[in-house]
Amino acid sequence: LTAPDLARALADVGVAAVAVHGRTREQGFDGTVNLEGIRKVVEAVPEIPVIGNGDITTPQAAKMMMDRTGCAAVSMGRGAFYNPWLFLQTKNYLESGKLDDEPTFNERIRVMRRHLKRMIEVFGEKLGCRMFRKVGPWYSKRFGPSNFFNKRIVQVATEDEFETILSDYLEWRKSFLDDSGQLKSSYVPQPLKTIFRDGNQEIVVTRSESPEISEWEEDEQPAAAQRRAIPVPKGPVEVW
């Protein structure tokens, strides 16, 4: 809500660009990203580029944010954990208007395995594997049934153990496949969905070319957007 004023102050002292997240501090990471708020920042500082942020989980969501707000670019955070291919997919979509095919399951496994190897190279096996305990479940969100994998990956301690977990999971997963080796339709993950708010409109963005747009009243906002108190973590500030 105060971002336009802050952006103007920053531009006045020579800041070259600003990034703005489309939620209030009170919302945190809950509730709906407000495109109108980002657009007001764009209008406040036409002399510098504004980077929009918040719930960019698909190429379509990136384009929607840019089209509706006029922002010069978007930044991607949690969406890239679901889908590390998001950056290239979005670049191609913005340039050609065509959607890339979703990565195959085998490609997801290949990249996940490479991700762990790179973490071990940088942090060492002990710390790299411990950090990967948070990363593995992000990848598995697009695997289909994955409880068997998730329960074990959050305890992984070595690269060899990871390979054992993965091998056991691939064997377990076979019961959810059809005769062609693909997930049975009832187990295929739902397409990623982004919900934006723009004024009194709610915009649902999926892999469909046409977003669903509906009207909503102020009292229909998500509960998180109506909070009057700001929840904060317990303990010293430095551990938040």
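Sequence order as written defines residue numbering, which begins from 1 separately in each chain. The predicted nature of this model means local features are confined to residues of pLDDT at least 70 and side-chain atom pairs, given and counted, to a pLDDT of 80 or more, with totals for whole chains, interfaces and linings taken over all residues. Note that the side-chain values use all heavy atoms of the structure and ignore hydrogens as well as water.

A word on the environment of Thr206
Okay, so step 1: Only DSSP runs of H or I covering at least 4 residues are called helices, and only runs of E covering at least 2 are called strands; the numbering of each starts at the N terminus. Positionally, Thr206 belongs in the loop between β6 (201-205) and β7 (212-215).
Okay, so step 2: In contact with Thr206, not counting residues within four places along its chain, are Gln60, Leu192 and Lys193. The contact rule is simple, with two residues in contact once any of their heavy atoms fall within 4.5 Å.

Here we look at the environment of Val50
Okay, so step 1: With respect to the helices and strands, Val50 occurs in strand β3 (residues 50-53).
Okay, so step 2: Counting along the chain gives 34 residues from Val50 to Ala16, while the straight-line C-alpha distance between them is 9.4 Å.
Okay, so step 3: Apart from the residues lying within four places of it in its own chain, the contact partners of Val50 are Val18, Val20, Val41, Val42, Val45, Cys71, Ala72 and Ala73.

Re the side chain of Gln89
Okay, so step 1: Position of Gln89 among the secondary structure elements: in helix α5 (residues 86-96).
Okay, so step 2: Assessed through its relative accessible area of 6%, Gln89 is described here as buried.
Okay, so step 3: There is a polar contact of 2.7 Å between the side chain of Gln89 and the side chain of Asn83.
Okay, so step 4: Dropping the residues within four chain positions of it, Gln89 is found in contact with Pro59, Asn83, Asp100, Asp101, Glu102 and Pro103. Relative accessibility decides the category of a residue: with a 1.4 Å probe and only protein chains considered, values under 20% of the type maximum give buried, values over 50% give exposed, and everything between is partly exposed. Whenever two N or O atoms come within 3.5 Å, that pair is a polar contact, provided that in protein one can donate a hydrogen and the other can accept it, and provided that, for residues adjacent in sequence, both atoms are side-chain atoms.

Some points on the packing of aromatic side chains
Okay, so step 1: Any Phe, Tyr or Trp ring, taking Trp's six-membered ring, that has another such ring centre within 6.5 Å forms a pair; planes under 30 degrees apart are called stacked, those over 60 apart edge-to-face, and the others tilted. Tallied over the entire structure, the rule returns 10 aromatic pairs.
Okay, so step 2: Ring centres of Phe105 and Phe143 lie 5.2 Å apart, and the angle between their planes is 80°; on these two criteria the pair is classed as edge-to-face. One end of the pair, Phe105, is in helix α6 (residues 105-123); the other, Phe143, is in the loop between α7 (125-140) and α8 (147-153), with 38 residues separating them in the sequence. Across the pair, exposure class does not vary: Phe105 and Phe143 are buried alike.
Okay, so step 3: Taken together, the aromatic side chains of Phe105, Phe143, Phe148, Phe149, Tyr169, Trp172, Phe176 and Tyr187 make up a single cluster linked through ring pairs.
Okay, so step 4: A ring has a charge above it when a Lys NZ or an Arg CZ is no more than 6 Å from the ring centre and no more than 35 degrees off the ring normal. Against the face of Trp138 rests Lys141, its NZ or CZ located 5.7 Å from the ring centre.

From the geometry alone we can't say anything about function, so treat these as descriptive.
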